[in-house]
Amino acid sequence: MTKPTDQSSRNGRHSDGVSANALMRFDRRTFLAAGTAAAALALAPGHLRAAALKPEKEELKFGFIKLTDMAPLAVAKENGYFEDEGLFVTLEAQANWKVLLDRVISGELDGAHMLAGQPLAATIGFGTKAHIITPFSMDLNGNAITVSNEIFAMMKPNIPKDASGKLVHPIKADTLRPAIEKLKADGKSFKMGMVFPVSTHNYELRYWLASGGINPGYYSSGDVSGTVAAEALLSVTPPPQMPSTLEAGTINGYCVGEPWNQAAVFKGIGVPVITDYEIWKNNPEKVFGVTAAFAEKNPNTVLALTKALIRAAMWLDENANANRAKAVDLLSKPEYVGADKAVIANSMTGTFEYEKGDKRSIPDFNVFFRYFATYPYYSDAVWYLTQMRRWGQIGEARDDAWYEATAKSVYRPDIYLSAAKLLIADGKAKKEDFPWETDGYRAPTSEFIDGITYDGRKPNAYIDSLKIGLKGKQKIDGAKVVDG
């Protein structure tokens, strides 16, 4: 790891307010050095069983947002996996992502289904300041970008067709240019909804737009709207409200998880033009988050809930998604997602409908376990941090060591692998189900819509390779990008 060079790092504290020592300190101490039953079991021979793992807190309340990727929570509860671990869990839908995060921080919720960027942003102090960790990544993919029928009609002449007359996917963002120029000529702005400033959706939407030469705007200390120098104005809309907001004409499109893209197709009010699988193949999506303080106080509980969630993810993907129809029935219940079964099934069962009637096979649109989906990779965390820096949410340049230290303070594969060892000892999982040899970084990949290679070990080189966005020591001064 490169030694930090800025003055704040030399003083043992980064300028985001995170102590360099603190970033690295909260790791194996709680789980391996405290002599807990969890630590013993993590290294135990196969004959030991989970009965010896006694949770410090048995009655728990977890929060979620009504999206299909909350499925591991619903499955863990309904299939009895939480109870198998001695946990009695209440699941409670939350109004929006901010409320959810605030309630985890306050202790009203013990943990929650979170946007992958939320624990990172909170830990570095962008928005609400709190140290949040994740021992479990909930899924890969699962989002899409939808535009109104009016916008799609302006895009369609610019989209290539194959020999059969079907539109060629993935659809590039440069096909939006005529629509943006038409609205501008009419004195209007092109407006897109996303679910939260540090959501995957925000970064995926920005990535797609920028790959097509459209600037989605910057954040600054004086303007947290994210619209500085923007050609497309992005704003927050809660996921369940996306279709109605589009139908009302308040926004021209949105990026959201399911079932709210397919809902637009069923209602006939919009067209999903691209999935996040096509923007970044097998991209990380949600995580399960708890406060660092909760994890330190309740290490066995965190191991137990991680075990239950891993089992749920396995169930969702096992036998080539054979259980997805059951999952659709479960998610359609009003206490979970509460959408029509047909809408949920449109994506959960391995297909995705773009323009009405254009349903295509995308078996990996929702991935919950395969490809080591549940392992919390440091490189996934680093990617989110690069996007925060790219768009000004991290206002100053940081060295590569800062990205690594921050990722390791939030993403906790040590907890995950301890839970995996327990499941193997229980006979509930196989050794080959988990990436034991990884150092926490995925191999470099260029499976992005623009073909640019991402290497989590070289965040600054990656940031500098992106055509639109802050680079090097650049910062936002007023409405301009200036050299630092």
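The model shown is predicted, which means the values in this text are computed figures rather than measured ones. (Residues numbered from 1 in each chain as written. Predicted model: local features only at pLDDT ≥ 70, side-chain atom pairs only at ≥ 80, totals over all residues. Heavy atoms only, no water.)

Student: Please set out the overall build of the protein chain residue by residue, giving values where relevant.
Tutor: Along its length, the protein chain carries 22 helices and 18 strands. Taking all 484 residues of the protein chain together, 59% fall into the buried category. Of all intrachain contacts in the protein chain linking residues separated by at least 6 positions in sequence, the fraction that spans at least 24 positions is 73%. Summed over all atoms, the accessible surface of the protein chain reaches about 17900 Å², with 51% contributed by carbon and sulfur. (Helix = DSSP H or I, 4+ residues; strand = E, 2+ residues; numbered from the N terminus. Buried < 20%, exposed > 50% of the residue type's maximum accessible area, 1.4 Å probe, protein only. Contact = heavy atoms within 4.5 Å. Areas by Shrake-Rupley, 256 points an atom, 1.4 Å probe, with all protein chains shown as cover.)

Student: Tell me about the sheet that holds strand β7 (residues 191–194), and please be specific about residues and values.
Tutor: Read from one edge to the other, the open sheet built from 5 strands follows the order β10-β7-β11-β6-β12, with strand pairing classed as mixed. In the strand order of this sheet, the two ends are held by β10 (233–236) and β12 (270–275), each with one partner. The average angle at which neighbouring strand axes cross in this sheet is 25°, direction not considered. Where β7 meets strand β11 (residues 253–257), 2 bridges bridge the pair, whose relative direction is parallel. Pairing of Met192 across the sheet is with Gly253, part of β11. Against the sheet, helix α13 (residues 260–267) makes contact with β6 (143–148), β11 and β12, and its axis sits at roughly 125° relative to β11, the strand it touches most. (Pairing = 2+ DSSP bridges. Axes fitted to C-alpha atoms, helices over the stretch in contact; angles between N-to-C directions.)

Student: Describe the pairing of strand β13 (residues 286–291), with residues and values.
Tutor: With 6 of 6 residues buried, β13 lies mostly within the body of the structure. Across the two faces of β13 the burial is the same, with Lys286, Phe288 and Val290 and Val287, Gly289 and Thr291 all buried. As defined by bridge partners, strand β3 (residues 111–115) adjoins β13 across 4 bridges and the pair is classed as antiparallel. Each residue of the ladder has a partner; that of His113, found in β13, is Phe288.

Student: Please provide a residue-by-residue account of the side chain of His113, values included.
Tutor: As for its position among the elements, His113 is in strand β3. Polar side-chain contacts of His113 include one of 2.8 Å to the side chain of Asp69. (Polar contact = N/O pair within 3.5 Å; in protein donor to acceptor, adjacent residues only side chain to side chain.)

Student: Tell me about the pairing of β6, residues and numbers included.
Tutor: For β6, the buried fraction is high: 6 of the 6 residues fall into the buried class. What you see with β6 is no split at all: Asn143, Ile145 and Val147 on one side and Ala144, Thr146 and Ser148 on the other are buried throughout. Relative to β11, β6 is paired through 5 bridges, and the arrangement is antiparallel. By the bridge assignment, Ala144 is partnered in β11 with Val256. As judged from the 5 bridges shared by β6 and β12, these two strands associate in the antiparallel manner. For Ser148, the partnering residue across the bridge sits in β12 and is Gly270.

Student: Break down the environment of Pro119 for me, citing the residues and quoting the values.
Tutor: Inspection of the secondary structure puts Pro119 in helix α8 (residues 117–124). Residue classification places Pro119 among the buried positions, given a relative accessible area of 0%. Excluding anything up to four places from it in sequence, Pro119 contacts Met114, Ile132, Val287 and Val410.

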